[in-house]
Amino acid sequence: DAKTTQPNSMESNEEEPVHLPCNHSTISGTDYIHWYRQLPSQGPEYVIHGLTSNVNNRMASLAIAEDRKSSTLILHRATLRDAAVYYCIPGSNTDKLIFGTGTRLQVFP
Amino acid sequence: DTEVTQTPKHLVMGMTNKKSLKCEQHMGHRAMYWYKQKAKKPPELMFVYSYEKLSINESVPSRFSPECPNSSLLNLHLHALQPEDSALYLCASSQDGGRTDTQYFGPGTRLTVL
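All values reported here derive from a predicted model rather than from experimental measurement.

Colleague: What should I look at first to understand the pairing of strand 8 (residues 73–79) of chain B in this one?
Modeller: Remark: a regular strand shows side chains that alternate across the two faces of the sheet. Residue and element names in this part refer to chain B. Burial analysis of strand 8 places 5 of its 7 residues in the buried class, the great majority of the element. Of the strand pairs in this sheet, strand 3 (residues 18–25) and strand 8 are connected by 7 bridges, and their pairing is antiparallel. If you follow Glu 24 over to strand 8, its bridge partner there is Leu 73. Judged from the 5 bridges that link them, strand 7 (residues 64–70) and strand 8 form a sheet pairing that is antiparallel. Residue Ser 65 lies in a different strand from strand 8, and its bridge partner there is His 77.

Okay, structure coming up:
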């Protein structure tokens, strides 16, 4: 399983963009990069996933480095509801998601 | 409906009790999961069921016994637990555990072992 490194915590103001980095230098060629987040007192929820090229959905964008050793989750306009722990999870099969320590995002009004 | 429900929300049990946690989904998913999450730590995978068969057991002690009676239900039977087993137990489901599958998580059962 690929090891990940994420900042322990980050802060943002409301309505500002947030870039959450993740290093996964041991990722294998077939591993997708999945991002989940866990809001306070809730189970984790899926955010986005990608393999090689950048991905967008209604929640966020995922920018993947050309060498795939790092990726960045982008929240274009942070809201208070985005305060959560964000987990970057490389993996080849989603039946075995290995959660790292994640990044705790605080959003200030 | 993308909801995974878990009951009970909270459970307090003694070390000699037997109790069960229940998880249900009606999304037609064929993969279901149990995770354990200690306070301020990430979720840790315990068990995976694929098409109602146990496919992954992450070396979980036998005092935790999973059961998948049908494709919509997942139980976790608890017996002779220790205080260190106190945690949030999360259930999740996904289409079939494939490469780009999405796991949907329930809100969890907060277990306290006295």
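The structure having been displayed, the exposition proceeds.
Colleague: Help me understand the interface of chain B and chain A, please; the structure alone is not making it clear to me.
Modeller: Put simply, an interface is often sized by how much accessible area is lost when its parts join up. Counting from both sides, the interface comprises 21 residues of chain B and, opposite them, 19 residues of chain A. Across the chain B to chain A interface the summed buried area is about 1700 Å²; carbon plus sulfur atoms make up 53%. At the junction of chain B and chain A, the tally comes to 1 salt bridge. Across the chain B-chain A interface, the total number found is 4 residue pairs in polar contact (both at pLDDT 80 or more). Here the side of chain B that touches chain A gets 3 residues from one element, more than from any other, and that element is strand 4 (residues 31–37) of chain B.

Colleague: Where do I start with unusual backbone geometry in this structure?
Modeller: It is generally the case that most residues other than glycine have a negative phi and that most peptide bonds are trans. All names here are of chain B. Of note, the bond from Thr 7 into Pro 8 is cis; its omega dihedral lies within 30 degrees of zero at -10°. The phi torsion at Lys 40 lies on the positive side, around 60°, for a residue other than glycine. Classification of Lys 40 as exposed rests on a relative accessible area of 81%. Look at Glu 52: it is not a glycine, yet its phi comes out positive at around 65°. On the accessibility criterion, Glu 52 (29% relative accessible area) is partly exposed.

Colleague: What is the right way to read the environment of B:Pro61 from this model?
Modeller: Inspection of the secondary structure assignment puts B:Pro61 in the loop between strand 6 (53–57) and strand 7. Considered as a pair, B:Pro61 and B:His10 are 51 residues apart in the sequence and their alpha carbons are 22 Å apart.

Colleague: Sorry if this is basic, but what is going on with the sheet that holds strand 4 (residues 45–50) of chain A here?
Modeller: Strand pairing in a sheet relies on backbone hydrogen bonds, with the paired strands running either antiparallel or parallel. Residue and element names in this part refer to chain A. Taken in spatial order, the 5 strands of this open sheet run 1-9-8-3-4, and their pairing is mixed. Of all the strands in the sheet, the pair left with one neighbour each is strand 1 (9–13) and strand 4. Each neighbouring strand pair of the sheet contributes to a mean axis angle of 25°, computed without reference to strand direction.

Colleague: I keep staring at the packing of aromatic side chains and nothing clicks. Help me out?
Modeller: The description of an aromatic ring pair uses the distance of the two centres, along with the angle that the planes make with each other. Here the structure, examined in full by the defined rule, presents 9 aromatic pairs over all chains. Arranged with centres 6.1 Å apart and planes meeting at 80°, the rings of A:Phe99 and B:Phe105 form a pair that is edge-to-face. With one member in each of two chains, A:Phe99 in the loop between strand 8 (84–91) and strand 9 (103–108) and B:Phe105 in strand 10 (residues 104–105) form a pair that bridges those chains. Of the aromatic side chains, those joined through ring pairs into one cluster are A:Tyr36, A:Tyr46, A:Tyr87, A:Phe99, B:Tyr33, B:Tyr35 and B:Phe105.

Colleague: How should I be thinking about the state of the cysteines in this particular structure?
Modeller: By definition, a disulfide links the sulfur atoms of two cysteines through a covalent bond. All names here are of chain A. Scanning all chains against the criterion turns up 2 disulfides over all chains. The disulfide bridge from Cys 22 ends at Cys 88, spanning 2.1 Å between sulfur atoms. Between Cys 22 and Cys 88, the S-S torsion sits near -75°, and that sign places the bridge as left-handed. On the criterion of sequence distance, the pair formed by Cys 22 in strand 2 (residues 18–23) and Cys 88 in strand 8 is long-range, its members being 66 residues apart. Taken individually, Cys 22 and Cys 88 each receive the classification buried, so the pair is uniform in this respect.

Colleague: Is there a simple way to explain the side chain of B:Thr109 in this structure?
Modeller: All names here are of chain B. Relative to the helices and strands, Thr 109 resides in strand 11 (residues 109–113). A polar contact of 2.5 Å, which involves the side chain of Thr 109, links it to the backbone oxygen of Pro 8. Other than its neighbours up to four places away in sequence, Thr 109 contacts Gln 6, Thr 7, Pro 8, Lys 9, Leu 11, Leu 21, Ala 87, Leu 88 and Tyr 89.

Colleague: Where do I start with the pattern of salt bridges in this structure?
Modeller: Opposite charge on two side chains lets them pair, provided their charged atoms get close. Per the counting criterion, the structure on display carries 8 salt bridges over all chains. Across the salt bridge formed by B:Glu58 and A:Lys96, the nearest N and O atoms sit 3.4 Å from each other. Of this pair, B:Glu58 sits in the loop between strand 6 and strand 7 while A:Lys96 sits in the loop between strand 8 and strand 9, which puts the two residues in different chains. Owing to a relative accessible area of 33%, A:Lys96 belongs among the partly exposed residues under this scheme.

Definitions and cut-offs
- Residues numbered from 1 in each chain as written.
- Chains lettered and ligands numbered in written order.
- Predicted model: local features only at pLDDT ≥ 70, side-chain atom pairs only at ≥ 80, totals over all residues.
- Heavy atoms only, no water.
- Buried < 20%, exposed > 50% of the residue type's maximum accessible area, 1.4 Å probe, protein only.
- Helix = DSSP H or I, 4+ residues; strand = E, 2+ residues; numbered from the N terminus.
- Pairing = 2+ DSSP bridges.
- Contact = heavy atoms within 4.5 Å.
- Buried area = accessible area lost by both parts, 1.4 Å probe.
- Salt bridge = Lys/Arg side-chain N within 4 Å of Asp/Glu carboxyl O.
- Polar contact = N/O pair within 3.5 Å; in protein donor to acceptor, adjacent residues only side chain to side chain.
- Axes fitted to C-alpha atoms, helices over the stretch in contact; angles between N-to-C directions.
- Phe/Tyr/Trp six-rings, centres within 6.5 Å; stacked < 30°, edge-to-face > 60°.
- Disulfide = S-S within 2.5 Å.

Purely geometric numbers; function is a separate question.
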